[in-house]
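One-letter residues, chain by chain:
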Amino acid sequence: MNSAHRTWNALHDRLDREARRYKADEDRPLAAYTGAMGVYSATVLGLAAAARAAGRRLPEPGLRDVALHAVATHQLARLLAKDPVTSPLRMPFTRFRGTSGPAELQEEVRGSGARKMMGELLSCPFCTGLWIATGLTGASLFAPRATRLAAATLAALAGADFLQYAREAARQAAEGTA
């Protein structure tokens, strides 16, 4: 066995021991998380390389752009992670447990390894938010007008959802049921 192979084996053994200590008795799919980070990093690097090859200049987002993308990211993350209509996307990775609010499902992640990681990613609006924000940023490089239109549509939907909640709260307050 050569020196590089011994070094690799020692590093692998050390990482394996650290992972076991970190996880304790919990099912934490660390290898799948590492793979997801690799996919995310490759996606960002690919977007950057494609933008550079296409001669795209980096945008200089203002506060309005950031706010629009924040609201759009929030809304799309909720739609993907909680909406009943998108449950077929989550179905292979989650188990239905009921509702958690108006037009929102409560689901439990199932499986192990990559399946569990995908369930955690797809059922958590906080987790999907990073991917969505990155997608919007990448789309802004190549199709800024279409991206702004899509983001504005999602922001309008978020505003409409907020108004639905406000209207229901006002109705309950007027009836004394709040």
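Residues numbered from 1 in each chain as written. Predicted model: local features only at pLDDT ≥ 70, side-chain atom pairs only at ≥ 80, totals over all residues. Heavy atoms only, no water.

### Things to note about the environment of Leu 130
Here's step 1: By the secondary structure assignment, Leu 130 is in helix α6 (residues 125-142).
Here's step 2: A sequence separation of 57 residues divides Leu 130 from Thr 73, and the C-alpha atoms of the two residues are 8.4 Å apart. (Helix = DSSP H or I, 4+ residues; strand = E, 2+ residues; numbered from the N terminus.)

### Observations concerning the nonpolar core
Here's step 1: Of all hydrophobic cores here, the largest spans 8 residues; its members are Leu 68, Ala 72, Ala 77, Ile 132, Leu 136, Ala 151, Leu 154 and Ala 155.
Here's step 2: The set of elements that each furnish at least two residues to this core consists of α3 (63-82), α6 and α7 (144-175).
Here's step 3: Ignoring any residue separated from it by four or fewer positions in sequence, one finds Leu 68 in contact with Arg 148, Ala 151, Ala 152 and Ala 155. (Core = buried A, V, L, I, M, F, W, Y, C linked by side-chain atoms within 4.5 Å. Buried < 20%, exposed > 50% of the residue type's maximum accessible area, 1.4 Å probe, protein only. Contact = heavy atoms within 4.5 Å.)

### Focus: the side chain of Lys 82
Here's step 1: With respect to the helices and strands, the residue Lys 82 is situated in helix α3.
Here's step 2: Residue contacts for Lys 82: discarding those within four places in its chain leaves Arg 90, Ala 103, Glu 104, Leu 105, Ser 123 and Pro 125.

### Here's the deal with the pattern of salt bridges
Between side chains of opposite charge, a pair can form when the charged atoms approach closely.
Here's step 1: One pass over the full model with this rule turns up 9 salt bridges.
Here's step 2: The partner of Asp 27 in a salt bridge is Lys 116, with the nearest N and O atoms 3.6 Å apart. With Asp 27 in the loop between α1 (3-23) and α2 (30-53) and Lys 116 in helix α5 (residues 113-123), the pair connects residues that are 89 residues apart, well separated along the chain.
Here's step 3: On the accessibility criterion, Lys 116 (15% relative accessible area) is buried.
Here's step 4: Notably, a salt bridge pairs Glu 108 with Arg 95, separated by 3.7 Å at the nearest N-O pair. Taken together, the residues Glu 108 in strand β2 (residues 104-109) and Arg 95 in strand β1 (residues 94-101) connect sequence positions 13 residues apart.
Here's step 5: Several salt bridges converge on common partners, so that one network encompasses Arg 95, Arg 97 and Glu 108. (Salt bridge = Lys/Arg side-chain N within 4 Å of Asp/Glu carboxyl O.)

### Describing the pairing of β2
Here's step 1: Alignment of β1 against β2, held across 6 bridges, turns out to be antiparallel. Each bridged residue has a counterpart across the sheet, and for Arg 95 the counterpart in β2 is Glu 108.
Here's step 2: Taking the residues that link successive antiparallel strands as the turn, the β1-β2 hairpin has 2 residues, and the phi of Ala 103 there is positive, at about 60°. (Pairing = 2+ DSSP bridges.)

### Some thoughts on the confidence of the model for the chain
Here's step 1: Confidence in the prediction for the chain averages 93 pLDDT; 99% of positions are at 70 or higher.
Here's step 2: Within the chain, the element-level pLDDT minimum falls on α1, averaging 85, and the maximum on α3, averaging 98. (pLDDT = per-residue confidence, 0-100.)

### Some thoughts on the side chain of Lys 116
Here's step 1: A distance of 2.8 Å separates a polar atom in the side chain of Lys 116 from the backbone oxygen of Asp 27.
Here's step 2: Sequence-distant contacts of Lys 116, that is, excluding residues within four places in its chain, are made with Asp 27, Arg 28, Pro 29, Val 109, Arg 110 and Gly 111. (Polar contact = N/O pair within 3.5 Å; in protein donor to acceptor, adjacent residues only side chain to side chain.)

### Examining the packing of aromatic side chains
Here's step 1: Summed over the entire model, instances satisfying the criterion amount to 1 aromatic pair.
Here's step 2: When the centroid spacing of 5.2 Å and the interplanar angle of 80° are considered together, the rings of Tyr 40 and Trp 131 count as edge-to-face. In this pair, Tyr 40 sits in helix α2 while Trp 131 sits in helix α6, placing the two residues 91 residues apart along the sequence.
Here's step 3: In this structure Trp 131 comes out as partly exposed when scored by relative accessible area, which is 29%. (Phe/Tyr/Trp six-rings, centres within 6.5 Å; stacked < 30°, edge-to-face > 60°.)

### Structural notes on the packing of α3 against α6
Here's step 1: Where α3 meets α6, the closest approach of the two axes is 8 Å, and the angle between their N-to-C directions is 130°. What the angle tells us is that α3 and α6 run oblique. Both α3 and α6 take part in a crossing whose hand is right-handed. Judged by residue contacts, His 69, Ala 72, Thr 73, Leu 76, Ala 77, Arg 78, Leu 80, Ala 81 and Lys 82 of α3 engage Pro 125, Thr 128, Gly 129, Ile 132, Ala 133, Leu 136, Thr 137 and Ser 140 from α6.
Here's step 2: Residues of the contact of α3 with α6, tallied by class, amount to 9 nonpolar, 6 polar and 2 charged. (Axes fitted to C-alpha atoms, helices over the stretch in contact; angles between N-to-C directions. Parallel < 35°, antiparallel > 145°, perpendicular 65-115°, else oblique. Left-handed = near helix turned anticlockwise from the far one by under 90°. Nonpolar A, V, L, I, M, F, W, Y, C, P; charged D, E, K, R; others polar.)

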